[in-house]
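Examining the three-dimensional arrangement
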Amino acid sequence: MKAAQSATHYDVLGPLRVTRAGETLEISSRMQRKILVALLIAQGGVVTPDRLEHVLWGDDPPKTSRKTLHTLISRLRGVLGSDAIVTHPEGYSMAAATDVSRFERLVDEARALMTERPEQSVAKFDEALALWRGAALVAFRDEEFAAVEARRLDELKLVAEEERFEALIASGRHETVIGPLEAFVSHHPYRERPHAQLMIALYRAGRAPEALAVYAAYRMRAIEELGLDPSPELQALEVRMLRQDPALGPGRDHLELLEAPHVAPLPAAPNRLVGRERDLAALREAVDGSRIVTVVGPPGVGKTRLAMEVGRVSGPRPADGVRWVELAETDGCCSVGETVMAELGLRHRAGRPISDQLGDALVGRDLLLILDNCEHVVAEAADLVDALVRRSASVRVLATSREPLGIGGERIFPVEPLEVAGHNGGGVSPALELFVERAQAVRPDFALDDTNLAVVEAICRRLDGLPLAIELVAPELRTFSPAEIEDRLQQHMIGIRPRAGTERHRTLDAAIGWSYSALDDDAQVLFERLSVFAGGFDLRSAGAVVTDDMRDRVPELLQSLVEGSLVSADRSRPSTRYFLLETLRGFGQQRLFESGRLDEVATAHTSWAVDLVEDLHRAILGPDEAEAVARLDMELPNVRAAHAHALRTGDVDSAIRLAAGLHPYAFYRLRDEVTSWSEASIRLPGAEGHRLFPAAAGAVACGLSLRWDLDEAEAVALLGIEAAVDESTALYPMDALAVVALERGDLAEARSHARRLHGMATEADDQHYVAFALLTEFVAALYMDEDGAAKNAVDQLIEIADRSRNPSTMGWVMNARAEYLQHTDPDRALQLTDEALELAGSVGNDLLVGLALRTVADIHAANGDRGPAVRAFSRIITHWHVRGDWAHQLGSLRRLVVLLTRLERFADTAVLLGAVKGGYEGAQLPDTAQDELDDAAAEIRRMLGDDEFEHADRRGRRMNRFETVAFARGVLEELGSSRHGRNAAGVSIANEAHRPVAEPRRR
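Residues numbered from 1 in each chain as written. Predicted model: local features only at pLDDT ≥ 70, side-chain atom pairs only at ≥ 80, totals over all residues. Heavy atoms only, no water.

**Describing the environment of Glu963**
Put simply, the rule is: Under the scheme used here, helices are H or I runs from DSSP no shorter than 4 residues and strands are E runs no shorter than 2 residues, and both carry numbers assigned from the N terminus. Here's how the labels work: a residue is buried when its accessible area is under 20% of the maximum for its type, exposed when over 50%, partly exposed in between, all with a 1.4 Å probe on protein chains only.
Among the secondary structure elements, Glu963 is positioned in helix α45 (residues 961-977). Glu963 gets classed as partly exposed once you look at its relative accessible area, which sits at 22%.

**Observations concerning the packing of aromatic side chains**
Put simply, the rule is: Working definition: rings of Phe, Tyr and Trp (its six-membered ring) pair if their centres are within 6.5 Å, and the pair is stacked with planes under 30 degrees apart, edge-to-face with planes over 60 apart, and tilted otherwise.
Applying the stated criterion across every chain yields a total of 13 aromatic pairs. Ring geometry for Phe772 versus Trp812: centroids 6.1 Å apart, planes at 80°, classification edge-to-face. With Phe772 in helix α35 (residues 767-783) and Trp812 in helix α37 (residues 807-821), this pair connects stretches of sequence that are 40 residues apart. Taking the relative accessible area as the measure of exposure, Trp812 reaches 5% and is therefore buried. Connected via pairs of aromatic rings, a cluster forms that spans Phe533, Phe537, Tyr578 and Trp608.

**Quick look at the packing of helix α2 (residues 30-41) against helix α7 (residues 144-170)**
To be explicit about the condition: The convention used is that axes are lines fitted to C-alpha atoms, helices contributing only their stretch in contact, and that angles between N-to-C directions extend from 0 to 180 degrees. In what follows, roughly perpendicular refers to angles from 65 to 115 degrees, roughly parallel to angles under 35, roughly antiparallel to angles over 145, and oblique to any angle outside these ranges. Should the near helix be turned anticlockwise from the far one by less than a right angle, the crossing is left-handed, and should it be turned clockwise, the crossing is right-handed. Contacts: residue pairs with any heavy atoms within 4.5 Å of one another. Under the grouping applied here, Gly and all other residues not named as nonpolar or charged are polar, the nonpolar ones being Ala, Val, Leu, Ile, Met, Phe, Trp, Tyr, Cys and Pro and the charged ones Asp, Glu, Lys and Arg.
Packing of α2 against α7 leaves a shortest axis separation of 10 Å and a crossing angle of 45°. Between α2 and α7, the crossing angle belongs to the class labelled oblique. Judged by the sense of rotation from one axis to the other, the crossing of α2 with α7 is left-handed. Packed against α2, whose contacting residues are Lys34, Val37, Ala38 and Ile41, the element α7 presents Phe145, Ala146 and Glu149 at the interface. Class assignment for the residues of the contact of α2 with α7 results in 5 nonpolar, no polar and 2 charged.

**Comments concerning the nonpolar core**
We apply this condition: Take the buried Ala, Val, Leu, Ile, Met, Phe, Trp, Tyr and Cys residues and link them wherever side-chain atoms come within 4.5 Å; each set so joined is a nonpolar core.
Formed by 114 residues in total, the largest nonpolar core has its most connected members in Phe778, Phe873, Ile877, Leu896 and Leu912. Phe873 has contacts with Ala857, Ala861, Ser892, Arg895, Leu896, Leu899 and Leu972, leaving out every residue within four places of it along the chain. With 73 residues, the next largest nonpolar core counts Ala38, Leu153, Phe165 and Met199 among its residues.

**Some words on the pairing of strand β9 (residues 367-372)**
For clarity, the threshold we go by: The pairing criterion for strands is at least two bridges between them, as found by DSSP. With the strands pointing away from the viewer, any crossover whose connection runs clockwise from the first strand over the helix to the second is right-handed.
Burial runs high along β9: 6 of the 6 residues are buried. Going residue by residue along β9, you find Leu367, Leu369 and Leu371 tucked away on one face and Leu368, Ile370 and Asp372 tucked away on the opposite face as well. Examined bridge by bridge, strand β8 (residues 322-326) and β9 share 5 bridges and lie parallel to one another. Looking at the pairing, Glu326 lines up with Asp372 of β9. Chirality of the crossover, the property in question, places the unit of β9, helix α16 (residues 378-391) and strand β10 (residues 395-401) among those that are right-handed.

**A word on helix α24 (residues 554-563)**
Each full turn of the α-helix corresponds to 3.6 residues, which orients residues three or four apart in the same direction. Filter applied, for reference: What the arc measures is the spread of directions leading from the helix axis to the C-beta atoms.
All buried positions along α24 are accounted for by Val554, Leu557, Leu558, Leu561 and Val562. Projection of α24 onto a plane perpendicular to its axis shows the buried side chains occupying an angular sector of 145°, all on one side. Turning to α24, the residues buried within the fold contact α22 (521-530), α23 (539-542), β14 (568-570) and β15 (577-579).

**What about the confidence of the model for the protein chain?**
The condition that has to hold: Confidence per residue, as judged by the predictor, is encoded in pLDDT with a range of 0 to 100.
Averaged over every residue, the pLDDT of the protein chain is 83; residues scoring 70 or more account for 86%. Residue range residues 1-6 is modelled with pLDDT below 50. Its contacts to residues more than four positions away, or to other chains, number 10 contacts. Segment residues 493-505 is flagged for pLDDT under 50; beyond a separation of four residues in sequence, or across chains, it makes 22 contacts in the model.

**Notes on the side chain of Asn815**
Basically, it comes down to this: For this analysis, a polar contact is any N or O atom pair within 3.5 Å, provided that within protein one partner can donate a hydrogen and the other can accept it, and provided that sequence-adjacent residues contribute only side-chain to side-chain pairs.
Mapped onto the elements of the fold, Asn815 is located in helix α37. Residue class for Asn815 comes out buried when judged on its relative accessible area of 3%. At 2.7 Å, the side chain of Asn815 and the side chain of Thr855 are in polar contact. Beyond its immediate sequence surroundings of up to four residues, Asn815 is in contact with Thr833, Ala836, Leu848, Leu851, Ala852 and Thr855.

**A word on the pattern of salt bridges**
Condition: The term salt bridge refers to a pairing of a side-chain nitrogen on Lys or Arg with a carboxyl oxygen on Asp or Glu at a separation within 4 Å.
Counted according to the given criterion, the structure contains 59 salt bridges. The partner of Asp279 in a salt bridge is Arg276, with the nearest N and O atoms 2.7 Å apart. For the salt bridge of Arg669 with Glu625, the shortest nitrogen-to-oxygen distance reads 2.5 Å. With a gap of 44 residues between them, Arg669 in the loop between α29 (663-668) and α30 (672-682) and Glu625 in helix α27 (residues 625-649) connect regions that are remote in the sequence. For Arg669, a relative accessible area of 8% puts it in the buried group. Here the salt bridges do not stand alone but share partners, grouping Glu155, Glu162, Glu166, Arg191 and Arg193 into one network.

**What to know about unusual backbone geometry**
One non-glycine residue, Ala21, adopts positive backbone phi at about 55°. Among the secondary structure elements, Ala21 is positioned in the loop between β2 (17-20) and β3 (23-24).

**Details of the pairing of β2**
Two strands pair when backbone bridges link them, and strand β1 (residues 8-11) and β2 are joined in this way by 4 bridges, in the antiparallel orientation. Residue pairing across strands places Tyr10 opposite Val18, the latter belonging to β2. Here β1 folds back onto β2 in antiparallel fashion, the turn holding 5 residues, of which Gly14 has a positive phi close to 135°. Alignment of β2 against β3, held across 2 bridges, turns out to be antiparallel. Counterpart to Arg20 in the pairing with β3 is Glu23. Taking the residues between adjacent antiparallel strands as the criterion, β2 and β3 are bridged by 2 residues, where Ala21 takes a positive phi near 55°.

**Quick notes on the sheet that holds strand β7 (residues 292-296)**
Strand order in the open sheet formed by 5 strands is β8-β9-β10-β7-β11, with parallel pairing between adjacent strands. Because the sheet does not close on itself, it has two edges, and the strands there are β8 and β11 (410-414). Taking the axes of each pair of neighbouring strands and ignoring which way they run, one obtains an average angle of 20° across the sheet.

**Some thoughts on the side chain of Gln32**
Looking at the secondary structure, you find Gln32 in helix α2. Judged by its relative accessible area of 9%, Gln32 is buried. Ignoring sequence-local partners within four residues, the contact set of Gln32 consists of Ile27, Leu72, Arg75 and Leu76.

**A word on the packing of helix α5 (residues 99-114) against α7**
Between α5 and α7, whose axes approach to 11 Å, the crossing angle comes to 25°. Comparing the axis directions of α5 and α7 gives the class roughly parallel. The handedness of the crossing between α5 and α7 is left-handed. Each of Val100, Phe103, Glu104, Val107, Arg111 and Met114 in α5 lies in contact with α7, whose residues at this interface are Arg152, Leu153, Leu156, Lys157, Val159, Ala160, Glu163, Glu166 and Ala167. Considering only residue class, the contact of α5 with α7 consists of 9 nonpolar, no polar and 6 charged.

**Section: the environment of Leu848**
Mapping Leu848 onto the fold places it in helix α39 (residues 846-863). Its relative accessible area of 0% is what places Leu848 among the buried residues. Between the alpha carbons of Leu848 and Ser808 there is a distance of 7.9 Å; along the sequence they are 40 residues apart. With residues up to four places along the chain from it excluded, the contact list for Leu848 reads Ser808, Gly811, Trp812, Asn815, Ala836 and Ala840.

**What to know about the sheet that holds β3**
Pairing is mixed across the open sheet formed by 4 strands, whose spatial order is β3-β2-β1-β6. With one partner strand each, in any of the chains shown, β3 and β6 (97-98) form the two edges of the open sheet. Note: β1 against β6, 2 bridges, orientation parallel. Within β6, the residue paired with Tyr10 across the bridge is Thr98.

As structure tokens, this is what we get:
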């Protein structure tokens, strides 16, 4: 019977089918079939009788249910074989060969072939998909016990079909795949990956307009039906198509063409890796052969260091590199997914699971993702990793953890302590080699010899060969002899209970504790207090979390911690940066918690972070803006932890001060995360009574304006003004009101807010807001053709910028001067925009970069030089499109309408004009802007005739914003590829000039 059983196959990818030796076995009873399916779903796991009774009868089994169940199983064995179903004390199990396992194996083989042999990969996918005879578990898929598995199998099939399309594209069969892909996306309209594949296939088949139409249709559907944008990667793919990127040509895997995620760099190696040559080679082999590898082992065994080295020297480098994500600081203020998104430079979009967003961003990436310190978030990390590897066939994950992730496909790589035995083949063991190397760092004359070999071996054996423990103890040779170290270590370990039931926890506690106990009292206190820093810290920061009476000793105490290997020092920076290994940080925090001082020290850390932010706030507004921005970038993990502590403890003062202090950093650098912190801060109970609530509300309002949520921005700004008790705090929300008015195109209201802001800022002696009040007045005056008022504002702005020497303020002024001079001295205006762009780039002011780029487009258009004008408009439209800024995009498209009219591109311009008017519907435009649109419409209607004009206008109004951008880019690319300096009629326009319409713009 065993031989017969080995040939029995169970198929569930369609109607249930059991075959043996080519013959189908009849299972006539539906109840028996349900039992069989329940056992097959368990994949060899034990299913309890209670569970099977629930499968058969739900929540109301008959009194004879157990007896009936036994009878049904007995009869099922009569069909399948006596040993098919195994009885256990706790239930039943079934180890069976199923089509599901065959399908998963074939898909894995197909994925392994995709990069090097895509044609063979397609064949493997075909073989796998041929196993499907219909819907999985079709007879039971709507029942509770099978529904989850049915959905899982459905998703596996869809992913396999998508990966088959990928293999077809990689093999160059673009024409072949278009039809099947079109059918697939019509049945699955919300799956982004096949839309990207269809775009690539169409593009490579020479059907670029259709490829862009696929994107536009998907974009409109996603926004209108789901309220979501396509991923940044799909948007980037569209941009490359519009640019006719040569990399999109045949022979390249399209998924390599998407913008690579921001590199999360590998941490710097603190020293040479000792004694791990075999482990390193074996781990590299494991990573090459498995998509999920988890390095497991006790604390201090060197998991992180080994993973770091694998990432640094992992054979042939993955095409998209290695990404390092540290999870040790994921402590409740953010999820694992959010941490990974942040480390990879990706933005979390609300309303969509993070795993889906990460999956979209990493799909097709050939990269190694290293997740360090997963043990405290193992379940969450496991879910994320499982989702990622299912969605992307070429992403590999190397995790470090004290326990396995426990997911399918995971290869567990245990790391053992270093071998301790003394002499080994003429040399010393790895543990002794490590001890000697670390000892010689503090005692260069130290060497192993007959007098100390036995005792050093005893020390390493007592430390269980744990690398971290050895590294902590070896430096004590500068004070004690090996024999004294061994004796003191033995005494210290007595009475220490193993943590988490393991001797090696005890050993590491002993090693850390012994090094800790060797410190004087103040050094111990400093070590504990430094453990609250979520990121690194410098010498000055270290002094902020200690008491006044020990602050003077911090330098010497910190040096002793570094010498004792309890603190790591990075001296490659201008100012030395210090770090605690996570194990040591946890030890220090545990000591703080046990002594009841953790909240006290965390509060001191938060106070330090608040002071730092407020100091840097002032620096950002001065000549040292670049340094202040760089420091805030570096300290953001600490500021994040401080804000999370403030929210957890209801510390309104710290939360509000952080929100207000971070505003100039976050707003101009488009830091959405910080805006979200500010939103949480102003919602805290009692927040409205805080003196800086108006400033925090203004910061939130400005952030909301960047999201184009103008009504909410105005409401929050008004709330801030109402709560203000003095002029200085009311400046923030008043400025936000002016920003909102400019966004809406209400120049009179913007000027009114600006004048009120100017008076308030002058009264408060705040030159920053005086400058921005003048800038708003300048914009309003320029757009209202009040040259005298505009020049007066610019002159005052120049004086303020000269005094402040603040790069952003100087950049804003350069851009304003360029706008003012663009008609009278365009060459000088272009020089000024170059200076503005350089200044903005030097301090990461992304908002100013965008506006200066648009000024460049304005100048070229006003100068009437077609070639530079077309290139400038292409650049600025791409800039706004990539950043998702529709307000500024509309202004640029409106200017483009004027240019295209002068170039006599009447048919195209009529369509674009309709789209622009549709975009502005319900919004207010300055009179000059409206007049130019009306003039353009009249000219186009005259040239085309009423019928053709109306038809084009209707077509434009039907286009969504993304179709509009694609259309405009297409026209610009066509113009750019034709003869330079000639319009559509072949007439030179070098001497034509027009005054570009100015429209409301954000600062």
